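Structure assessment
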Amino acid sequence: MARETWATRVGFILAAVGSAVGLGNIWRFPFITGQEGGSAFLLVYLAFIALIGFPALLVEFVVGRRTELNPVGALQELGSGAWRYVGYLFVATGFIILSYYSVVAGWFLRYTVIGVTDGYAAGAADPEAAEALFGSVATGLDSLLFHALFMVLVVAIIAAGIRSGIEVAVKVMVPAIIVLLIGLAAYGFTLDASAEAYAYYLSPDFGVIAENWTSILPAAAGQAFFTLSLGMGVMITYASYLGEDRNLAEDAGIIVGLDTAIAVIVGFVVFPFLFAAGLTPGDGGAGEIFVSLTAAFAEIPAGRVIGTVFFAMVGIAALSSAISILEVLASYLMDEFGVDRVPAAAGLGVAVFVLGVPVTVDLVFLDLLDLFADSILLVLGALLLALFVGWVASDAAREELEIGIGDLGGLGEAWIWVVRIPVVVVVAVSLYLGVV
Ligand code: PHE
Ligand code: NA
């Protein structure tokens, strides 16, 4: 059977944007920004996105389009056999990330349902009630059921294939995310506390960067890769379904621009909500956004509707990302072992579900997996891939990039040198700081 392809250019771009925009932008970005000192972190992160994230996205795109294969097959074809171990690293990382990603996405689904059935008023009366609510959502049977439900949705989309599964789904989901998010930001603007919230969000303290750079650098690098879905082969896989040759740099620019704009807009949503409820963004970690936001939704006008829409929007964003991770795993089974799409998706879905079960039992597993996957696995994956493309497969990569763009006075050569040295050095330093 011929390998599937995207039906349209828009379909490919929306799929990649759908993958990029997810819990990384909405759940992870605000709490990492809070933990790492607010807008000082934001500046380092933005610099990393432009200087490291954009070239690294192109690296994955050229590898995928060149080989038309899953990450393991792609690296084996372009390099020698040993490079395929980097592909195995990607597949392993995908399993780990999807397992906890699905659990957290399940919490957002659960909070959407709570908005419909009960509202968030319980959290207003006392913060302990909000904590207790989060505890009951995040662990135990509820958590397990919504993790299962989320994985069923992911499997259903992937089983339906590239065009009628992923492409149809993202054409609905991505515009919905953008419209809902802009609506929520506009609502946030109407709140009295918005001025104070914007001031908090947008005034960088450079002293913080100088003081904490050993933790800001790896956190910013990890977040840059996580948010752009880099370092585990998602963008290799999606580009492998490009049947035609178009300008990859242009597509990458659109994807990076939209993901970054959405992360920044999320700050304009979340911070006004918190300030309106008299809360200050703290560093309470993974659960904090749930606890403080439900308290905020209990406080602000029309909070129940706003909250329900917010949680649903995050659930959609998580779904459009999770499908891209399962597609990496499925493409590996399909290309390398000739497994059919439907059994591949279903079998992998069950395996990922099982792997996520410990997270529904105790949240320490979430922190461990997230930290390990994000500051080590993704960064290591991105580093090895940059070394491979920059130093081993550079001729093929440059030639592939220039297809659809042209030579443009050495643009391809400049990109290869950016990948060879700055990307490799920054990523290696971040990895080192993340490990020690
Ligand atoms: N980019 C996604 C997000 O921001 C997460 C993700 C990471 C998706 C790695 C795929 C691969 O939520
Ligand atoms: Na993202």
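Residues numbered from 1 in each chain as written. Chains lettered and ligands numbered in written order. Predicted model: local features only at pLDDT ≥ 70, side-chain atom pairs only at ≥ 80, totals over all residues.

This is how the line gets drawn: UniProt positions are given in the numbering used here, feature names are shortened, and annotations may be inferred rather than shown by experiment.
As recorded in an unreviewed UniProt entry, the protein chain goes by the name NSS family neurotransmitter:Na+ symporter, listed as coming from Halorubrum alkaliphilum. UniProt's Subcellular location (unreviewed entry) comment on the protein chain is quoted here verbatim: "Membrane".

Here's the deal with the overall build of the protein chain
Threshold: Elements are defined by DSSP. Helices are runs of H or I of four residues or more, strands are runs of E of two residues or more, and each kind is numbered from the N terminus. Each radius of gyration reported is based on C-alpha atoms, and the globular scaling rule is 2.2 Å times the count of residues to the power 0.38. Residues with at least 20 other C-beta atoms within 10 Å of their own are called buried, those with 12 or fewer are called exposed, and the rest are partly exposed. The C-beta atoms themselves are positioned from the backbone. What counts as a contact here is a pair of residues whose C-beta atoms, placed from the backbone, lie within 7 Å.
The number of helices and strands found in the protein chain is 19 helices and zero strands. By the compact-globule yardstick of 22 Å for 436 residues, the protein chain fits well, its C-alpha radius of gyration being 21 Å. Projected onto the principal axes, the alpha-carbon positions of the protein chain cover approximately 60 × 50 × 40 Å. Every one of the 436 residues in the protein chain was classed for burial, and the buried ones make up 56%. For the protein chain, long-range pairs separated by at least 24 residues make up 85% of all intrachain contacts whose partners lie at least 6 apart in sequence.

Comments concerning the nonpolar core
Formally: Each nonpolar core reported here comprises buried Ala, Val, Leu, Ile, Met, Phe, Trp, Tyr and Cys residues connected via C-beta atoms within 7 Å.
Counting residues in each nonpolar core, the largest one holds 166 residues, and the members touching the most others are Leu57, Leu58 and Leu326. Top element by residues in this core is helix H15 (residues 303-337). It accounts for 18 residues. Excluding residues within four positions of it along the chain, Leu58 makes contact with Leu248, Ala249, Ala252, Leu401 and Trp415.

Some remarks on the packing of helix H3 (residues 39-67) against helix H11 (residues 206-227)
What counts, and what does not: As a rule, the C-alpha atoms of each element are fitted with a line to give its axis, helices using only the stretch in contact, and angles between N-to-C directions run from 0 to 180 degrees. The labels follow the angle: roughly parallel below 35 degrees, roughly antiparallel above 145, roughly perpendicular from 65 to 115, and oblique for the rest. Put simply, a crossing is left-handed when the front helix is turned counterclockwise from the back one by less than a right angle, and right-handed when it is turned clockwise. Residue classes follow a fixed rule: Ala, Val, Leu, Ile, Met, Phe, Trp, Tyr, Cys and Pro count as nonpolar, while Asp, Glu, Lys and Arg count as charged, and any other residue, Gly among them, counts as polar.
For the pair H3 and H11, the least separation of the axes is 9 Å and the interaxial angle reads 45°. One element, H3, and the other, H11, form an angle in the oblique class. Relative to H11, H3 is oriented so that their crossing is right-handed. Together, Ala40, Phe41, Val44, Tyr45, Phe48, Ile49, Ile52 and Gly53 of H3 and Phe206, Val208, Ile209, Ile216, Ala220, Ala221, Gln223 and Ala224 of H11 make up the contact between the two elements. Of the residues assigned to the contact of H3 with H11, the class counts are 14 nonpolar, two polar and no charged.

So, the site of ligand 1
Definition in use: For each residue, a C-beta atom is positioned from the backbone; the residue is called near a molecule or strand if that atom sits within 6 Å of it.
Around ligand 1, the surrounding shell holds 15 residues, and the nearest of these are Gly22, Leu23, Gly24, Ser229 and Ser321. Split into classes, the residues belonging to the shell around ligand 1 amount to seven nonpolar, eight polar and no charged.

Observations concerning helix H8 (residues 141-159)
Rules: Helix span, as expected, comes to 1.5 Å for every residue beyond the first.
Between its first and last C-alpha atoms H8 spans 27 Å; for 19 residues at 1.5 Å apiece the expected length is 27 Å, and the two agree. Taken as a whole, H8 has its buried residues at Ser143, Phe146, His147, Phe150, Met151, Val154, Val155, Ile157 and Ile158. Where the residues of H8 are buried, they touch helix H5 (84-117), helix H7 (127-138), helix H9 (162-190), H15 and helix H16 (341-361). Phi turns positive one or two residues past the end of H8, at Gly161, with a value near 100°.

Some words on unusual backbone geometry
Positive phi is not limited to glycine here, since Glu68 has a value of about 50°. Along the chain, the position of Glu68 falls in the loop between H3 and helix H4 (71-78). Residue Glu68 is classed as partly exposed on the basis of its 17 C-beta neighbours within 10 Å. Of note, the phi angle at Ser229 is positive, near 55°, even though the residue is not glycine. By secondary structure assignment, the location of Ser229 is in the loop between H11 and helix H12 (234-239).

Here's the deal with the confidence of the model for the protein chain
Applicable threshold: Per-residue confidence from the predictor is reported as pLDDT, which spans 0 to 100.
Predicted confidence across the protein chain gives a mean pLDDT of 91, with 98% of residues reaching 70 or more. The least confident element of the protein chain is helix H6 (residues 122-125), whose mean pLDDT is 65; the most confident is H12, at 98. Interface confidence in the predicted complex, given as ipTM, is 0.98; pTM for the same model is 0.94.

Details of the environment of Val116
Its location among the elements puts Val116 in helix H5. For Val116, a count of 11 C-beta atoms within 10 Å puts it in the exposed group. Separated by 16 residues in the primary sequence, Val116 and Tyr100 have C-alpha atoms spaced 25 Å apart.

A few points about the packing of H8 against H9
Between H8 and H9, the least distance of the axes is 6 Å, while the angle of their chain directions is 120°. The angle between H8 and H9 falls in the class oblique. Of H9, the residues touching H8 (which contributes Ile157, Ile158 and Ala159) are Gly165, Ile166 and Ala169. Here the contact of H8 with H9 is composed, by residue class, of five nonpolar, one polar and no charged.

A word on the environment of Gly243
With respect to the secondary-structure elements, Gly243 resides in the loop between H12 and helix H13 (248-276). With 91 residues separating them in the primary sequence, Gly243 and Val152 have C-alpha atoms 29 Å apart.

Observations regarding H3
A rise of 1.5 Å per residue sets the reference length of H3, with its 29 residues, at 42 Å; its end C-alpha atoms lie 40 Å apart and thus fit the reference within 8%. The buried fraction of H3 is high, at 23 of 29 residues.

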